[in-house]
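Per-entry structural report
Each chain, written out:
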Amino acid sequence: MRLRCAVLDDFQGVAKEFGDWDSLSDRVEVVPLRGHLADEDELVAALVGFDIVVTLRERVAFPGSLLGRLPRLRLLVASGMRNGVIDYAAAEAHGITVCGTESSSAPPVELTWALLLGLARGLVEESTALRTGGPWQSTVGADLHGRRLGLLGLGRIGSRVAQVGLAFGMRVSAWSRNLTEERAREVGVGLAPSMADLLATSDFVSIHLALGDRTRGLLGAAELALLKPTAYLVNTSRAAVVDQDALLAALHEGRIAGAGVDVFDEEPLPAGHPMRTAPRLLATPHLGYVSYANYTTYYGQAVENIRSFLAGTPVRRLP
């Protein structure tokens, strides 16, 4: 009897096109699920008959209460090597092996710049006007050369974003609680004396921080008020780093020039969510990790993880 494997959140219906799933066909039945399941009862109903689950990023949480209701589950594969929404202790207690995959930082870097450039040059407005018979030129683009790019976080992604900014001729500075002047010099950027200084002096601010107790709600109404009215904010990190109500208020009141956002407090966004209609907002449906190369890695290594698990030698175990 074959084991059953559910692949969650296959929104585009492409999961089986990446990775050598056919190599498992004699032992595993693979079932992609295209719709998102968030409610625990819905997840139990959908997954109770599966032995293996492949989950995408941190889209679905696996607390102990859920794991305890999936008696057949023996292997949970998550894309990426860090996942903050899996209860690892509960997984171990229930005899569930958890494995991850590698993940490239290049796609979120590229999307960060797609959002920043789209905001700066009004690409959505101008393209829409051109295609619908609207005015010929209705915006005046914001320059990058000579402007200040402020980075909250200078890790794998932030440092690569910094290199692109420098190539554009921007003045780049960074801040985080643990960032040192030595590290900033290594990347070739300045160290802002404080977050307040970075926010107040930057023309573009891009967030590249991991979500934790110290970064949750880091940018609230008071912090957003420090931004110039001509400044743009880009967040491809985690929605909860920014107070969403405060950001919406700043956009509606025109207190910042605009924001580029790829992450949200609820994903997928409900049809009536205010982020769908906010002014001065360039928003994408969490595309930061969604690229051909990353999907090839995620699903290719998911297959490898399953094969290794079946052989009794699990690889890339988490945490």
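Summarised in this report is the structure supplied together with it. Each chain has its residues counted from 1, following the order in which its sequence is written. pLDDT decides what is reported in this predicted model: residues at 70 or higher carry local features, side-chain atom pairs at 80 or more are listed and counted, and totals for whole chains, interfaces and linings draw on all residues regardless. Each side-chain value is worked out from all heavy atoms of the structure, with water and hydrogens disregarded.

The helix and strand tally for the protein stands at 11 helices and 12 strands. Against the 2.2 N^0.38 benchmark of 20 Å for 319 residues, the protein shows a C-alpha radius of gyration of 22 Å, consistent with a compact globule. On the principal axes, the C-alpha backbone points of the protein span a range of 65 × 50 × 30 Å. Burial here depends on accessible area, computed with a 1.4 Å probe over protein chains only, as a share of the maximum for the residue type. Under 20% is buried, over 50% is exposed, and the range in between is partly exposed. Within the protein, buried positions represent 49% of all 319 residues. Charged residues are defined narrowly, with Lys and Arg counted positive, Asp and Glu counted negative, and His plus the chain ends left uncounted. Just so you know, the charge point we use is NZ for Lys, CZ for Arg, CG for Asp and CD for Glu. Of the side chains in the protein, 31 bear a positive and 35 a negative charge, and the two mean positions are spaced by 3 Å. Numbering of helices and strands runs from the N terminus; a helix is a DSSP stretch of H or I covering at least four residues, while a strand is a stretch of E covering at least two. For the radius of gyration, the atom set is restricted to C-alpha positions; the globular benchmark scales as 2.2 Å times the number of residues to the power 0.38.

A separate point is the sheet that holds strand S4 (residues 75-78). Criterion used throughout: strands pair if DSSP finds at least two bridges between them. One open sheet holds the five strands; their spatial order is S2-S1-S3-S4-S5, and the pairing between them is parallel. For this open sheet the edge positions go to strand S2 (28-32) and strand S5 (97-99), each flanked by a neighbour on one side alone. Between one strand and the next, the sheet's axes are offset by a mean angle of 15°, whatever the strand orientation. Pairing analysis gives three bridges linking S4 to S5, with the strands arranged parallel. Within S5, the position partnered with Leu-75 by the bridge is Thr-97. Contacts are assigned to residue pairs that have any heavy atoms within 4.5 Å of one another. In this analysis, axes come from line fits to C-alpha atoms, helices being fitted only over the stretch in contact, and the angle between any two N-to-C directions falls in the range 0 to 180 degrees. Sitting on the sheet, helix H11 (residues 292-310) touches strand S1 (3-7), S2, strand S3 (52-55), S4 and S5, and the angle it makes with S4 is about 155°.

To continue, consider helix H4 (residues 106-120). Here H4 contains 15 residues, and its C-alpha end-to-end distance of 21 Å stays within 8% of the 21 Å for a straight helix at 1.5 Å per residue. In terms of burial, H4 is largely enclosed, as 12 of its 15 residues are buried. Listing the buried residues of H4 in full gives Ala-106, Pro-107, Pro-108, Val-109, Leu-111, Thr-112, Trp-113, Leu-115, Leu-116, Gly-118, Leu-119 and Ala-120. Note on H4: the residue one or two positions beyond its end, Gly-122, has a positive phi of about 55°. Helices are assigned an expected span. That span is 1.5 Å times one less than the residue count.

Bridge count for S1 against S2 is five bridges, and the pairing is parallel. Each bridged residue has a counterpart across the sheet, and for Cys-5 the counterpart in S2 is Val-30. Inspection of the sheet shows S1 paired to S3 by three bridges, in the parallel sense. In the strand pairing of S3, Cys-5 is matched with Ile-52.

The next subject is the state of the cysteines. The disulfide criterion used throughout: a pair of cysteine sulfur atoms within 2.5 Å. Within this structure, the stated rule accounts for zero disulfides. Free cysteine Cys-5: the closest other cysteine sulfur is in Cys-99, separated by 12 Å.

Centre-to-centre distance and the angle between the planes together describe a pair of aromatic rings. In this scheme Phe, Tyr and Trp rings, the latter by its six-membered ring, pair at centre separations within 6.5 Å, and the angle between planes marks the pair as stacked below 30 degrees, edge-to-face above 60, and tilted otherwise. Counting across every chain of the model gives eight aromatic pairs. Both rings, one in Phe-18 and one in Tyr-292, keep their centres 5.1 Å apart while their planes meet at 65°; by these two values the pair is edge-to-face. Remark: Tyr-292 occurs in helix H11 and Phe-18 occurs in the loop between S1 and S2; sequence separation between them is 274 residues. With centroids separated by 5.3 Å and ring planes inclined at 40°, the aromatic side chains of Trp-113 and Phe-168 adopt a geometry described as tilted. Of the two residues, Trp-113 sits in helix H4 while Phe-168 sits in the loop between helix H6 (156-167) and strand S7 (171-175), which places them 55 residues apart along the sequence. Trp-113 gets classed as buried once you look at its relative accessible area, which sits at 5%.

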